[in-house]
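# Tertiary structure, described
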Amino acid sequence: MHDAITHPWGPSTPVARGSTWPVRVDQHLAAGTTDADVERWVPTASLLHSDGDAMDIAVVGGRIAGVRGRAGDRVNHGRLGPKDLFGWQANASPDRLTQPRIGSRTASWDEAMSLIVERCKGLLDDVGPAAIGFYTSGQLFLEEYWTQATMVRVGVGTNHLDGNTRLCTATAGEALKESFGSDGQPGSYDDVLHCDALAMWGHNPAETQPVLWMRMRDRLEGPDRPRLLVVDPRRTVPARTAEVHLALRPGTNLPLLLGLQHLLLARGWFDSRYVAAHTVGFDEVEQAVSAWTPSRTAQTCGLTVKELEAAAELLGTSEALLSTVLQGFYQAHQATASACQVHNVHLLRGMLGRPGAGVLQMNGQPTSQNTRETGANGDLPGFRNWDNPDHIRELAQIWNVRPADVPHHGPPTHAMEIFRLCEEGSIRFLWITATNPAVSLPDLARIRSILGSDQLFVVVQDIFDTETTALADVVLPAATWGEKTGTFTNADRTVHLSERAVDPPGDARADLDIFLDFARRMDFRDQDGEPLVHWEDAESAYRAWQRCSQGRACDYTAISYADLREHGGLQYGGERLYADGIFPWAHPDQSETWTRDLLTGGAYTKAEYRAHNPEGKAMLRAAEHVPPLEPPSAERPLHLITGRTIFQFHTRTKTGRAPELAAAAPDVWVELAPADAAARGIGEGDICELGSERGTIVAPARISGVREGVAFVPFHFGSWDLRDGDERAEHRAANELTATAWDPVSKQPLVKSGAVTVRRLADAVGPAPAPTNTASAPVAEVVS
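Everything in this summary refers to the structure shown in the same document. From a predicted model like this one, the values you see are computed outputs, not experimental measurements. (Residues numbered from 1 in each chain as written. Predicted model: local features only at pLDDT ≥ 70, side-chain atom pairs only at ≥ 80, totals over all residues. Heavy atoms only, no water.)

## A short note on the overall build of the protein
A tally of helices and strands in the protein yields 25 helices and 29 strands. A compact globule built from 784 residues would reach a C-alpha radius of gyration of about 28 Å, and the protein, at 25 Å, matches this within 12%. Seen along its three principal axes, the alpha-carbon backbone of the protein occupies a region of about 65 × 65 × 55 Å. Counting over 784 residues, the protein shows a buried share of 66%. (Helix = DSSP H or I, 4+ residues; strand = E, 2+ residues; numbered from the N terminus. Rg over C-alpha atoms; globule rule 2.2 N^0.38 Å. Buried < 20%, exposed > 50% of the residue type's maximum accessible area, 1.4 Å probe, protein only.)

Next up, the structure:
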């Protein structure tokens, strides 16, 4: 077994185009444990990223003792990343939450749930459902989201349900809807093995999806490698091997894509027959890109004309183009408009639905796809349209309630609006599940003030104490991965079943059991007087979900628990979508949205949508660039971008408790270009202060290959592992600096947009926070 910290991607297995990816089984067991000691291997998949890597949990003496990759699974062929190999150790951390808490005192489950129900019923009686909100996760199981969506949307009757997936993949879902009429990933991971060109748009898989990067790396090191385009202001590991690396100015993703489309059209690098037969909107796009000449685009993006021409040639002359997109687009200025332009490139070139030709709008969390499918975020279950009466009637029939009982007076409330309503006092009860907004949301001083307000009753359901549980009125101890059963779906629509391997600690309960208990205590009923939530365990919840998904783009009816137990990961919808150039979910009667103005976010009506797209074709989307709201200035001259490191996940509630991962990335840092560091007298490891209009943080410097004029800070680091009284508690999290701002279409926070000043405070203390070296590529330079 390789050292997964020093060499996080392990040994390569180069593969030729069209070949089968070789098997390589990775494994890590607790010290002193051998294969012979393992009593059971229990099937699951990765929880600490969105790859969906299949693995088996080793059980010894009723405890998790390690993991190994599953050789026969379609996603990873046995490979595992660092968080897969080491993250399981957090389950047995001695500081797990094991009993409910009311305020600062330990309580029984009956006491805690009785108080929650009392508050919820009181508000329903006195104010109504608009006073109640729910903020969920991207780490629960499908069955738990489906149960939560049912009890919240129909039982409580509120529109105020969203997930922290709003922070990572809201733009993915929204861009897919805007171009294809519905969420649902068109491409497949297997396209990596068939493409002759690979484009990464604000996506650094080497850190965010390391096993997907292993697959890409093996193609890139094979005998007929695809040409690689990387769009990222940082010199990431993929950027170092790319034929074309566009280290563009932050905030200019949209002008870049407009300029590239200008070149594709000008040079005839588009499929006019495919465009005519399968799309609408070509004339509008042609007009929108006409002014984005190479010189204007290069000047706006801070690139050269030669770089743009090389990128356009790579895109325009490929036979099979695969694009991947992630946070470098989703969390940046004009996020949805930019992501839609990637779709434009593929539609113009006819690059969808065949081996090697596709798009993967990647996810950031393991089950963020499921929040979108089940309606536990800002959509309705089954990718249904809140403004389509037929869709509302379908849901009412599934839930056996009246259509009027399904909230649809307006779109479901997005997370940033939920917190605004909490701030103004409209929402007075907020139930937070498996997420830590006191570190992960932007403008943290404001978020702490909202959650700490006496007018807001806060319930937090989690597995550890966090910065958010410290502000809660009630804390509920939850079971986690390996301690409960359920399914989850990755970014290429592959569904895995995660089986319960061990018991949860103390009195901790599965999230599904907590929701079922709440539904029973609230006595939610359908129109026949029967229990609204009529299922009792994960498998029966899954069967209820299958009925809801039937006939929709996320149809799970062909995949049973028995199938998943027998075969491992299975894709719904086939290997690829839209292979025939038919886009059924774009039809006006089926579409998940009537689409929006990409500049303002204003919603179009069904009549406007039908007039534009009567037959239901794919939609080429025109867009107009506007400057960012907070560009660098003389006072704050650097662009701020935040992101991830391969060794940590979100706010480190799990990875920070895995010794190898905690040691590999123990603290925050700021990356600066050599010229920016030299201009400020900053050396490697020197202690720096970063300041924005909202706050300051303190971090050691890493001098890296980031674009000049840009400061990068990983967002994982809060204060839970600091000692009481540590002055860094409110000067460590990157989101102390970020603004309360979001994309007008997807409502995703723009945490890669803003301006900061950086100044040197002190010499380096001890060794500089040098990154682990992987071959010749520092891991610290790997994030988007």
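## Points about helix α8 (residues 253-266)
Between its first and last C-alpha atoms α8 spans 20 Å; for 14 residues at 1.5 Å apiece the expected length is 20 Å, and the two agree. For α8, a buried count of 13 out of 14 residues is recorded, marking the element as mostly surrounded by other parts of the structure. (Expected span 1.5 Å × (residues − 1).)

## Describing the sheet that holds strand β9 (residues 197-201)
On the basis of which strands lie adjacent, the open sheet formed by five strands has the order β11-β10-β9-β13-β14 and parallel pairing. Bordering the open sheet on either side are β11 (244-246) and β14 (358-361), each of which pairs with just one other strand. The mean inter-strand angle of the sheet, taken between neighbouring strand axes irrespective of direction, is 10 degrees. Note that strand β10 (residues 227-231) and β11 share three bridges and pair parallel. Bridged to V230 within β11 is H245. Against the sheet, helix α14 (residues 335-349) makes contact with β9, β13 (321-325) and β14, and its axis sits at roughly 175 degrees relative to β13, the strand it touches most. (Pairing = 2+ DSSP bridges. Axes fitted to C-alpha atoms, helices over the stretch in contact; angles between N-to-C directions. Contact = heavy atoms within 4.5 Å.)

## Looking at unusual backbone geometry
Within the chain, F383 stands out as a residue other than glycine whose phi angle is a positive 55 degrees. You can see F383 is positioned in the loop between α15 (368-374) and α16 (389-399). For T595, which is not glycine, the phi dihedral falls at a positive 70 degrees. Accessibility expressed as a relative area gives 7% for T595, which makes it buried.

## What about the packing of aromatic side chains?
Each aromatic ring pair is summarised here by two numbers: the centre-to-centre distance and the angle between the ring planes. Taken as a whole and assessed by the stated rule, the structure comprises 22 aromatic pairs. Taken together, a centroid distance of 5.5 Å and an interplanar angle of 10 degrees make the contact between F141 and F488 stacked. Highlighted residues: F141 in the loop between β7 (132-136) and α3 (142-156) and F488 in strand β18 (residues 486-489), separated in sequence by 347 residues. The class for F488 is buried, based on a relative accessible area of 2%. Measuring from centroid to centroid gives 5.8 Å for W146 and W535, while their planes differ by 20 degrees, and the two rings are stacked. A residue pair is termed long-range when its members are at least 10 positions apart, and W146 in helix α3 and W535 in the loop between α20 (511-522) and α21 (538-549) qualify at 389 residues. (Phe/Tyr/Trp six-rings, centres within 6.5 Å; stacked < 30°, edge-to-face > 60°.)

## Side note on the side chain of T642
Mapped onto the fold, T642 is located in strand β22 (residues 638-643). Separated by 3.4 Å, the side chain of T642 and the backbone oxygen of V751 make a polar contact. If sequence neighbours within four positions are ignored, T642 has contacts with F712, V713, F715, A734, T738, V751 and K752. (Polar contact = N/O pair within 3.5 Å; in protein donor to acceptor, adjacent residues only side chain to side chain.)

## Quick word on the packing of α3 against α21
One way to put it is that α3 packs onto α21 with a least axis distance of 9 Å and a crossing angle of 65 degrees. Considering the angle they form, α3 stands roughly perpendicular to α21. Between α3 and α21 lies a crossing whose hand is left-handed. Residues L142, E143, W146 and T147 of α3 touch α21, and the partners they reach there are A538, A541, Y542, A544, W545 and C548. Across the contact of α3 with α21, the residue classes break down as eight nonpolar, one polar and one charged. (Parallel < 35°, antiparallel > 145°, perpendicular 65-115°, else oblique. Left-handed = near helix turned anticlockwise from the far one by under 90°. Nonpolar A, V, L, I, M, F, W, Y, C, P; charged D, E, K, R; others polar.)

## Structural notes on the sheet that holds strand β19 (residues 494-498)
Across the sheet, three strands lie side by side as β18-β19-β20; this open sheet has antiparallel pairing. Only two strands of the sheet have a single partner each, and these edge strands are β18 and β20 (570-571). Pairing between β18 and β19: four bridges, direction antiparallel. Bridge pairing in β19 links T487 to L497.

## Here we look at the nonpolar core
One finds F429, W431, L476 and F518 to be the most contacted residues of the largest nonpolar core, which totals 99 residues. In contact with W431, not counting residues within four places along its chain, are M113, I116, G133, F134, Y135, V459, Q461, L476, I514, F515 and F518. Counting 80 residues, the second-largest nonpolar core is a separate cluster that includes W9, L198, V237 and M362. (Core = buried A, V, L, I, M, F, W, Y, C linked by side-chain atoms within 4.5 Å.)

## Description of the pairing of strand β3 (residues 54-60)
Burial of β3 is extensive: six of the seven residues sit out of reach of the surface. Sheet topology note: the strand β2 (residues 40-45)/β3 ladder contains six bridges and is antiparallel. Along β3, the bridge assignment pairs V42 with I57. Two elements, β3 and strand β4 (residues 63-69), share six bridges in a ladder whose sense is antiparallel.

## Quick word on the pattern of salt bridges
Scanning all chains against the criterion turns up 53 salt bridges. Linking R227 and E313 is a salt bridge whose minimum nitrogen-to-oxygen distance equals 3.0 Å. Residue R227 is found in strand β10, and its partner E313 is found in helix α12 (residues 305-316); the two are separated by 86 residues along the sequence. Here E313 falls in the partly exposed class, since its relative accessible area comes to 32%. Residues R446 and E423 are paired through a salt bridge, measuring 3.0 Å at the closest nitrogen-oxygen approach. Of this pair, R446 sits in helix α19 (residues 444-451) while E423 sits in helix α17 (residues 415-424), and the two are 23 residues apart along the sequence. When its relative accessible area of 16% is taken as the criterion, R446 is described as buried. (Salt bridge = Lys/Arg side-chain N within 4 Å of Asp/Glu carboxyl O.)

## Thoughts on empty space enclosed by the protein
On inspection of all chains with the given rule, the structure shows six cavities of 30 Å³ or more. Counted as a void, the largest cavity has a volume near 240 Å³. In terms of lining residues, the largest cavity is bounded by 23 residues, among which Q139, A434, T435, D462 and K654 are the most central. Of the residues belonging to the lining of the largest cavity, the class tally is nine nonpolar, nine polar and five charged. (1 Å grid on protein atoms, 1.4 Å probe; cavity = no way out; pocket = protein on both sides within 12 Å on 5 of 7 lines; lining within 4 Å. Points joined across faces, edges and corners; volume = space filled by probe spheres on them.)

## Overview of the side chain of R657
Following the sequence through the fold, R657 ends up in the loop between β22 and α24 (659-664). Here the side chain of R657 touches T653 through a polar contact of 2.7 Å, landing on its backbone oxygen. With sequence-adjacent residues up to four places away left out, R657 is seen in contact with A90, S93, D95, F464, D465, R652 and W720.

## Thoughts on the pairing of β4
Here β4 lies mainly inside the structure; five of its seven residues are buried. Direction of pairing for strand β1 (residues 27-29) relative to β4: antiparallel, over a ladder of three bridges. By the bridge assignment for β4, H28 is matched with V67. Connecting β3 to the antiparallel partner β4 that follows it, the hairpin turn spans two residues, and G61 within it adopts a positive phi of roughly 60 degrees.

## With respect to α21
Residues spaced three or four apart along an α-helix face the same direction, because each turn holds 3.6 residues. Compared with an ideal rise of 1.5 Å per residue, which puts twelve residues at 16 Å, α21 spans 16 Å between its outermost C-alpha atoms and is within 8% of the ideal. Judged by how many residues are buried, α21 sits mostly within the fold: nine of twelve residues are covered. Of the positions making up α21, those classed as buried are A538, S540, A541, Y542, A544, W545, Q546, C548 and S549. Elements that come into contact with the buried residues of α21 comprise α3, α15, α16, β18, α20 and α22 (561-567). Positive backbone phi, approximately 80 degrees, marks G551, located one or two places after α21.

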